[in-house]
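Overview (structure and organization)
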Amino acid sequence: MTAPDYSLFLHSLASELDIQAGAEERDALLQSVGLRAATRLPLPACETTEDFELECNALLRLMGWGRIALALSQEKHCLTLTINEPLRLGALGTPSGQWYAAFYAGLLTGWFQQTGEAVTLHQDKDASTSEILVFDAKG
């Protein structure tokens, strides 16, 4: 049996949500959905930043939603999270193809909270390309 393809439904739902709610409310909703997903798929205990990255990637791989890379930015005094191969809904979102960015922010914030770290994620829209989402985390 093949898994059903929900891409037409999701694209239509996303487009309608953008029209009905606007970008700000959409992002607030998607961030809340991401936080809820983090509670449904909890992160195992992590002792190091490397463990955190490995465990996040194991869960993202389970969902088929890309992978993250963590890097400490000395010049910005923050941790940079890069999401490679994120889920996309066609060209929806700003920049193009980035509709799920707020979901990823909520999911990763929830996973950080599970480790006892309080972070604020900010999408670096200037650094984003068609291939990655980049977030800066500051505690």
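Please read all numbers here as calculations on a predicted model, not as lab measurements.

Some words on the overall build of the protein
Helix and strand content of the protein: three helices and four strands. Helices and strands in the protein line up, N terminus first, as α-α-β-β-α-β-β. Counting only residues that meet the buried cut, the protein has 38% of its 139 residues in that class. Taking the intrachain contacts of the protein between residues at least 6 apart in sequence as the baseline, contacts between residues at least 24 apart amount to 54%. When the accessible area of the protein is evaluated, it comes to approximately 8,400 Å², of which 55% is carbon and sulfur surface.

What to know about the packing of aromatic side chains
Inspection of the entire model under this criterion finds six aromatic pairs. Taking 4.8 Å as the distance between ring centres and 55° as the angle between the ring planes, the aromatic pair formed by Trp65 and Phe103 counts as tilted. Of this pair, Trp65 sits in the loop between α2 (49-63) and β1 (67-73) while Phe103 is found in helix α3 (residues 101-114), placing the two residues 38 residues apart along the sequence. Classification of Trp65 by relative accessible area gives buried; the value is 17%.

As for the environment of Gly64
Here Gly64 shows up in the loop between α2 and β1. For Gly64 and Glu85, which are 21 residues apart along the polypeptide, the C-alpha to C-alpha distance reads 9.4 Å.

Digging into α3
Relative to the 20 Å expected for 14 residues at 1.5 Å per residue, α3 spans 20 Å between its end C-alpha atoms, a close match to the ideal helical length. Among the 14 residues in α3, twelve count as buried, and that is most of the element. Along α3, the residues that are buried comprise Ala101, Ala102, Phe103, Tyr104, Ala105, Gly106, Leu107, Leu108, Thr109, Gly110, Trp111 and Phe112. The positive-phi residue at the C-terminal boundary of α3 is Gly116, with phi of around 90°.

Thoughts on the confidence of the model for the protein
When pLDDT drops low, the exact placement of atoms in the prediction is not to be read closely. Model confidence for the protein is summarised by a mean pLDDT of 87, while 90% of its residues fall at 70 or above. Averaged pLDDT values for the elements of the protein fall to 69 in strand β4 (residues 132-138) and rise to 95 in α2.

What to know about the nonpolar core
Judged by nonpolar contacts, the single largest core of 32 residues is most densely connected at Phe52, Tyr104, Leu108, Trp111 and Phe135. For this core, the secondary-structure elements that each account for two or more residues are α1 (7-40), α2, β1, β2 (78-84), α3 and β4. No other element matches the nine residues that α3 contributes to this core. Other than its neighbours up to four places away in sequence, Phe135 contacts Leu79, Thr80, Leu81, Ile83, Ala101, Tyr104, Ala105, Leu121, His122 and Gln123.

Comments concerning the pairing of β1
Taken together, the seven bridges between β1 and β2 define a ladder with antiparallel strand orientation. Along β2, the bridge assignment pairs Ile68 with Ile83. Joining the antiparallel neighbours β1 and β2 is a turn of four residues, in which His77 adopts a positive phi near 55°.

A few points about the side chain of Thr80
Relative to the helices and strands, Thr80 resides in strand β2. Using a relative accessible area of 14% as the deciding quantity, one classes Thr80 as buried. Leaving out residues up to four positions away in the same chain, Thr80 has contacts with Ala69, Leu70, Ala71, Ser73, Val134, Phe135 and Asp136.

Some details on a nonpolar patch on the surface
Side chains of Tyr6, Phe9, Leu10 and Leu13 sit close together on the surface and give an oily, nonpolar patch of about 420 Å² of accessible area. Summarising the element assignment, Leu13 is placed in helix α1.

Conventions and cut-offs
Along every chain, residues carry numbers that run from 1 in the direction the sequence is written. Local features in this predicted model are restricted to residues of pLDDT 70 or higher, and side-chain atom pairs are both shown and tallied only at a pLDDT of 80 or more, whereas totals for entire chains, interfaces and linings draw on every residue. Note that the side-chain values use all heavy atoms of the structure and ignore hydrogens as well as water. Secondary structure elements follow DSSP: runs of H or I of four or more residues count as helices, runs of E of two or more count as strands, with numbering from the N terminus. Exposure classes here rest on a 1.4 Å probe applied to the protein chains alone. A residue is buried below 20% of its type maximum, exposed above 50%, and partly exposed in between. The contact rule is simple, with two residues in contact once any of their heavy atoms fall within 4.5 Å. Using a 1.4 Å probe, accessible areas were evaluated by the Shrake-Rupley method; residue-level cover was limited to the displayed protein chains. Ring geometry is summarised as follows: Phe, Tyr and Trp rings, the Trp one being its six-membered ring, pair when their centres sit within 6.5 Å, and such pairs are stacked at plane angles under 30 degrees, edge-to-face over 60 and tilted between the two. In a helix, the anticipated span is given by 1.5 Å times the number of residues less one. For every residue, the pLDDT score states the predictor's confidence, bounded by 0 at the bottom and 100 at the top. What we call a nonpolar core is a set of buried Ala, Val, Leu, Ile, Met, Phe, Trp, Tyr and Cys residues that are connected through their side-chain atoms within 4.5 Å. A pair of strands is treated as paired once DSSP finds two or more bridges between them. What goes into a patch is any residue over 30% in relative accessible area without a salt bridge, connected to like charges within 9 Å or, for nonpolar side chains (Val, Leu, Ile, Met, Phe, Trp, Tyr), within 5 Å. Any Lys or Arg side-chain nitrogen located within 4 Å of an Asp or Glu carboxyl oxygen qualifies as a salt bridge.

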